Amino acid sequence: MRFCKLAITLLIGALPYSAGACDTALVLTIDVSNSIDAGEYRLQTDGLADALGDPEIIETLIRTETAIAVVQWSGEDRQELSIPWTRIRTALDVDLLAAKARTMGRAFVLSDTAPAEAIYFSLGLFDQVQDCHRKVIDVSGDGTPNGGTSVRDARNAAEVAGVTINGIAIESMGLAITNFYRGAVITRNGFVITARTHREYPRAIRNKILREISKIVG
């Protein structure tokens, strides 16, 4: 019986998203540039998986039929869709997504930091979820750009497309990353949550996802 339920869930997930409507399409992007070591990468993936196991988040994801995709990014030509769009209809969908996040292999190592290209890459993914009412990109990172094109131009392109950008600024390197995210990364209707260290990331990602899917802005 459990196998049959899993098979049905996977079949539904493979259907075109135009079959129904969702409230929010959320792209979660994870910084895997050179400043992120193996332990910090694992804190990010485990933090995401743990957040998806939060009962309040699970209930809200199902109720709003949120669609989630996960992107890893670093340098100018280093972006990967690590977890394709997953529409959340049941608790099993959340469990499967959390398991994928926890076991997700690192896409890139020893690479620059190019958040603009991560934004452009993420914008292209929304063509697959056009029925979703709100479109949101979450950018998390612990450094300012040292590669790629203008982050402000990418942010402006998102605003023109009607996409919200929020951020998690990880200030473990002692830099004013929060100010950079506020000034250059997030859209005018977006917000930034600060994690003072990578170890604060699990708390930050939980609070940020809940805020995004609950449609609290500002």
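Residues numbered from 1 in each chain as written. Predicted model: local features only at pLDDT ≥ 70, side-chain atom pairs only at ≥ 80, totals over all residues. Heavy atoms only, no water.

Draft legend 1. Focus on the pairing of strand S2 (residues 67-73). With 7 of 7 residues buried, S2 lies mostly within the body of the structure. Side chains Ala 67, Ala 69, Val 71 and Trp 73 project from S2 onto one buried face, and the interleaved Ile 68, Val 70 and Gln 72 project onto a second face that is buried too. One ladder, built from 7 bridges, connects strand S1 (residues 24-31) with S2; its direction is parallel. When the sheet's bridge partners are listed, Leu 26 is paired in S2 with Ile 68. Pairing of S2 with strand S3 (residues 79-87) involves 6 bridges; the strand directions are antiparallel. When the bridges of S3 are listed, Gln 72 appears paired with Glu 80. Linking two consecutive strands that pair antiparallel, namely S2 and S3, is a turn of 5 residues. (Buried < 20%, exposed > 50% of the residue type's maximum accessible area, 1.4 Å probe, protein only. Helix = DSSP H or I, 4+ residues; strand = E, 2+ residues; numbered from the N terminus. Pairing = 2+ DSSP bridges.)

Draft legend 2. Highlighting the state of the cysteines. Per the stated rule, a full pass over the model turns up 1 disulfide. The disulfide that involves Cys 22 links it to Cys 132, with 1.8 Å between the sulfurs. Between Cys 22 and Cys 132 the sulfur-sulfur dihedral comes to about 130°; the bridge is accordingly right-handed. Taken as a pair, Cys 22 in the loop between helix H1 (2-14) and S1 and Cys 132 in the loop between helix H5 (115-123) and strand S4 (134-141) lie far apart in primary sequence, 110 residues in all. (Disulfide = S-S within 2.5 Å.)

Draft legend 3. Structural context of the packing of aromatic side chains. Tallied over the full model, the rule gives 2 aromatic pairs. Seen in terms of ring centroids, Trp 85 and Phe 126 are 5.8 Å apart; in terms of plane orientation they differ by 45°. Their pairing is tilted. Here Trp 85, found in strand S3, pairs with Phe 126, found in the loop between H5 and S4; they are 41 residues apart in sequence, far enough to count as distant. With centroids separated by 5.8 Å and ring planes inclined at 80°, the aromatic side chains of Phe 180 and Tyr 181 adopt a geometry described as edge-to-face. Lying across the ring of Phe 191, Arg 211 places its NZ or CZ 3.8 Å from the centre. (Phe/Tyr/Trp six-rings, centres within 6.5 Å; stacked < 30°, edge-to-face > 60°. Lys NZ or Arg CZ within 6 Å of the ring centre and 35° of its normal.)

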